[in-house]
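Residue-level listing of the chains:
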Amino acid sequence: MSVEELRRVAVAGSAVRAAEAPLLAAGRGPAMMRDAAWALAEHAAALLRARGPVAGTTVAALVGPGNNGGDALFALAFLRRRGVAAVAVPVRHDDDGAPRWHAEGWAALRAAGGRRADAVPAAAALVIDGMLGTGFAGELTLPPAARALPRDAVVLACDVPSGVDADTGEVRGEALRADATVTFGALKTGLLVGEGAALAGEVHPVDIGLGPQLPTSPAARLRLADEAAVRAAHPAPAPDAHKYTRGLVAVAAGSPRYPGAAVLSCSGALHAGAGMVHHAGPEATRDRVLAEHPEALVSTEGPAPDRADAWVAGPGLDTQDDARRRWEGVLSALAERPEAALVADASALELVTAAQLRALREAGTPVVLTPHAGEWARLRERLPADGADAADPLAALRAWSAAHGATVLLKGPRTLTVQPDGEAWLVADGGPELAMGGTGDVLAGALGAVLAADVARRSRARRAGQAPGPVPTAALAAAAAWLHARAGAEQARAGRLTTRTLPAALGAVTARLWRAGDEDGRTRG
Ligand SMILES: NC(=O)C1=CN([C@@H]2O[C@H](COP(=O)(O)OP(=O)(O)OC[C@H]3O[C@@H](n4cnc5c(N)ncnc54)[C@H](O)[C@@H]3O)[C@@H](O)[C@H]2O)[C@@H](O)CC1
Ligand SMILES: Nc1ncnc2c1ncn2[C@@H]1O[C@H](COP(=O)(O)OP(=O)(O)O)[C@@H](O)[C@H]1O
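Residues numbered from 1 in each chain as written. Chains lettered and ligands numbered in written order. Predicted model: local features only at pLDDT ≥ 70, side-chain atom pairs only at ≥ 80, totals over all residues.

- Looking at an unreviewed UniProt entry, one finds the protein chain named Bifunctional NAD(P)H-hydrate repair enzyme and attributed to Micrococcus endophyticus.
- Regarding the protein chain, the relevant UniProt record gives this comment under Subunit (unreviewed entry): "Homotetramer." (UniProt positions renumbered as here; feature names shortened; annotations may be inferred.)

What follows is the structure, encoded as structure tokens:
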């Protein structure tokens, strides 16, 4: 893994341990610990500097019995040399009361003029949590010293907040919340998902030379969506594009009871760059869509089945019968053009069956299901899969997606997308401003546009006799979620977020992304 990839790819804590093992066996342990401790000390100093001069401050570390504590002790020794009063607080003791901790680390700290104490001094401006790292097993009960921290002290976790499982983000027992985490070797999934994400604060990965040893299979990695990845998944239209080559999105959403959903999904699709949007729905929603978007096509059944590049089905469908009829209409259309993609949202998540998913998989139709947490729980109950009830959210998604052959985009404060082969992406750019009725409808439409553009691009390449480069469906889904999250964050910053203004903001983010891509292309010549 390159140093650049370190910022964008996470692996399980256990994978980092496995990568370390041969290097430790080769005697590289002390050098790696020095690198880790140096980086930890640098981040601690940067946090202190943000508040004032570093020299003269007090830094304490809660020090556990293993190498995590060793990192913390060496980091204190480095900080001591910058004029910091460095205090090590052991949290484990032998029967005779002697601290159980990394002997060389303590020797280094003592030689540098650091001291030991039984509690974190009230003067400590920063506390390093070096109790437990990737060696955490069983459950943690926080020691008394970790319960009595000065109110204003910044907490910096060494590698992983103690009590957090670095594979899954699960907290077993208690855990110590950090303001920031400096993590070694690679980003760890446990810092990005589940409770771990909420406890780690800002996460800073540090290279300690494990790159070549880290796993490369997509199923062992979690990729973070960023601008470059989104541009690759959803590139600007080609100069010779026409409306159909940009993708036609068919939208089976909205009902007389929930007409807004049709408008929001169509808006999402149009602003995310669809060449054409065709709304399939009853008169009441068709009129609303046309009033908002005169450029949309509308009809009861949708476009001719061979025209749609992607279908968005589910937002705002009403009575069971009507929803089922429209859902089955979408499936029939897809059966005639299986290479078109499908977004199943809201009501479609309640209607879809395992047999339908199997048929779609066999036909080669890319399918993305877009549940929020409640819908995800119901989906797993209705359509079970071995391993899909795991506490580890990523493992559960991987198990379900592999069993049912569909990509899942799990919405929430952090959005995860996972496809059947285990490739997984995380979108962490949005904030709670998106927690508002109807924002999911906009996302479903935007995702339809991203998928449709990809389907249209691949059809066109095939017609031209070229081998279309496949973009993983999970990456396409993450691209849509990223545009949506960024749009929400920007609108909220500007103080004008409502669901109605979200699609236009999404359009602005998309346009800027594409423009930046053009400029990149030009400057690179
Ligand atoms: N070995 C090295 O040279 C390197 C180690 N690194 C650091 O080493 C850490 C891993 O070190 P270790 O393998 O020693 O593991 P840890 O230091 O994370 O923890 C291991 C110790 O904690 C105890 N323990 C585990 N679960 C406990 C619980 N629930 N309650 C109380 N005690 C518990 C174990 O019995 C063991 O003594 C990484 O997180 C990282 O900070 C990194 O610096 C990279 C280089
Ligand atoms: N706390 C949060 N932080 C960031 N994004 C959030 C948060 N809560 C919800 N979201 C996002 O808001 C959207 C809500 O979608 P959904 O639950 O389907 O709402 P609706 O059905 O009303 O459209 C999703 O994209 C989700 O990821």
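Now that the structure has been shown, we can carry on.
**Section: helix H5 (residues 103-112)**
Phase 1: Along H5, the residues classified as buried are Gly105, Trp106, Ala108 and Leu109. Projected onto a plane normal to the axis of H5, the buried residues spread over an arc of 160 degrees and lie on a single side. Turned more than 90 degrees away from the buried face of H5 sit Ala103, Glu104, Ala107 and Ala111, all of them exposed.
Phase 2: Of the surrounding elements, those touching the buried residues of H5 are helix H4 (67-80) and strand S3 (85-90).
Phase 3: In the stretch just after H5, Gly113 is the one whose phi turns positive, near 100 degrees. (Buried ≥ 20, exposed ≤ 12 C-beta atoms within 10 Å, placed from the backbone. Helix = DSSP H or I, 4+ residues; strand = E, 2+ residues; numbered from the N terminus. Arc of directions from axis to C-beta. Contact = placed C-beta atoms within 7 Å.)

**Here's the deal with unusual backbone geometry**
Phase 1: Phi at Asp159 is positive, roughly 75 degrees, even though this residue is not glycine.
Phase 2: Tracing the backbone through its elements, the reader meets Asp159 in the loop between strand S6 (154-158) and strand S7 (180-184).
Phase 3: Residue classification places Asp159 among the buried residues on the basis of 29 C-beta atoms within 10 Å.
Phase 4: Look at Ala346: it is not a glycine, yet its phi comes out positive at around 45 degrees.
Phase 5: Tracing the backbone through its elements, the reader meets Ala346 in the loop between strand S15 (341-344) and helix H12 (347-351).

**Remarks on the site of ligand 1**
Phase 1: Taken together, 27 residues lie around ligand 1, and Gly66, Asn67, Asn68, Gly133 and Gly135 are the ones closest in.
Phase 2: If you list the elements that add at least two residues to the shell around ligand 1, you get helix H2 (13-25), helix H3 (29-49) and H4. (Near = placed C-beta within 6 Å.)

**Re the confidence of the model for the protein chain**
When pLDDT is low, close inspection of the predicted coordinates is not appropriate.
Phase 1: Of all residues in the protein chain, 99% attain a pLDDT of 70 or more, and the chain-wide mean is 95.
Phase 2: Mean pLDDT values over the elements of the protein chain span from 84, in helix H1 (residues 3-6), up to 99, in S6.
Phase 3: For this predicted complex, the interface confidence score (ipTM) comes to 0.90, while the overall pTM stands at 0.94. (pLDDT = per-residue confidence, 0-100.)

**Structural notes on the site of ligand 2**
Phase 1: Around ligand 2 sit 17 residues in total, of which Lys411, Pro432, Leu434, Ala435 and Gly440 are the nearest.
Phase 2: Here the shell around ligand 2 takes four residues from helix H16 (residues 439-463), the largest share from any one element.
Phase 3: Per-class residue counts for the shell around ligand 2 are five nonpolar, ten polar and two charged. (Nonpolar A, V, L, I, M, F, W, Y, C, P; charged D, E, K, R; others polar.)

**Structural notes on the domain arrangement of the protein chain**
You'll often see interface size given as the accessible area lost when the parts meet.
Phase 1: When cut into domains, the protein chain gives domain 1 (3-216) and domain 2 (227-234 + 243-463 + 474-520).
Phase 2: Placing the centre of domain 1 and that of domain 2 at their C-alpha centroids yields a distance of 41 Å.
Phase 3: Of the residues lining the interface, seven residues belong to domain 1; the matching set on domain 2 comes to seven residues.
Phase 4: Residue composition of the side of domain 1 that touches domain 2, by class: three nonpolar, three polar and one charged. (Domains from an automatic or database assignment.)

**Observations regarding the environment of Ala21**
Phase 1: For Ala21, the position within the fold is in helix H2.
Phase 2: C-alpha of Ala21 to C-alpha of Gly64: the two residues are 43 residues apart in sequence and 21 Å apart in space.

**Description of the UniProt feature "domain: YjeF C-terminal" (unreviewed entry) in the protein chain**
Phase 1: On the UniProt side, "domain: YjeF C-terminal" (unreviewed entry) is annotated at positions that read residues 226-513 here.
Phase 2: Along residues 226-513 one finds 49% helix and 12% strand; the C-alpha atoms at either end are 11 Å apart.

**What about the environment of Asp429?**
Phase 1: Within the fold, Asp429 resides in the loop between strand S19 (424-427) and H16.
Phase 2: Along the primary structure Asp429 and Ala487 are separated by 58 residues, whereas in three dimensions their C-alpha atoms are 9.6 Å apart.

**Comments concerning the UniProt feature "domain: YjeF N-terminal" (unreviewed entry) in the protein chain**
Phase 1: UniProt tags residues 16-216 as "domain: YjeF N-terminal" (unreviewed entry).
Phase 2: From the first C-alpha to the last, residues 16-216 spans 12 Å; its make-up is 32% helix and 19% strand.

**Section: the sheet that holds strand S4 (residues 115-116)**
Strand pairing in a sheet relies on backbone hydrogen bonds, with the paired strands running either antiparallel or parallel.
Phase 1: The sheet built from seven strands is open, its strands ordered S4-S3-S2-S5-S6-S7-S9 with parallel pairing. For this open sheet the edge positions go to S4 and strand S9 (202-206), each flanked by a neighbour on one side alone.
Phase 2: Pairing between S6 and S7: three bridges, direction parallel. Across the sheet, Cys158 pairs through a bridge with Val182, a residue of S7.
Phase 3: Relative to strand S2 (residues 58-63), H4 is tilted by about 165 degrees, and along the sheet it contacts S2, S3, strand S5 (124-130) and S6. (Pairing = 2+ DSSP bridges. Axes fitted to C-alpha atoms, helices over the stretch in contact; angles between N-to-C directions.)

**Some thoughts on the packing of H3 against H4**
Phase 1: At a minimum axis separation of 8 Å, H3 and H4 run at an interaxial angle of 55 degrees. Considering the angle they form, H3 stands oblique to H4. Both H3 and H4 take part in a crossing whose hand is right-handed. In this structure, H3 contributes Met33, Arg34, Ala36, Ala37, Trp38, Leu40, Ala41, Ala44 and Ala45 to the contact, and H4 contributes Asn67, Gly70, Asp71, Phe74, Ala75, Phe78 and Leu79. (Parallel < 35°, antiparallel > 145°, perpendicular 65-115°, else oblique. Left-handed = near helix turned anticlockwise from the far one by under 90°.)

**Concerning the sheet that holds strand S8 (residues 187-188)**
Phase 1: Read across the sheet, twelve strands follow the order S8-S1-S10-S19-S18-S17-S16-S15-S14-S11-S12-S13 without closing on themselves; strand pairing throughout is mixed. Single-partner strands in this sheet number two, and they are S8 and strand S13 (297-299).
Phase 2: Contacting strand S11 (248-252), strand S14 (310-313) and S15, helix H11 (residues 320-336) runs over the sheet at an angle of about 170 degrees to S14.

**Notes on the pairing of S11**
Phase 1: The element S11 is extensively covered by neighbouring structure, given that five of its five residues are classed as buried.
Phase 2: The side-chain alternation of S11 yields two buried faces, one formed by Leu248, Ala250 and Ala252 and the other by Val249 and Val251.
Phase 3: When S11 meets strand S12 (residues 276-280), the two strands line up parallel, connected through four bridges. The residue of S12 that forms the bridge with Ala250 is His278.
Phase 4: Crossover connection from S11 via helix H9 (residues 259-271) to parallel S12: handedness right-handed.
Phase 5: Bridge count for S11 against S14 is four bridges, and the pairing is parallel. Directly across from Ala250, in S14, lies its bridge partner Trp311. (Right-handed = clockwise from strand over helix to strand, strands pointing away.)

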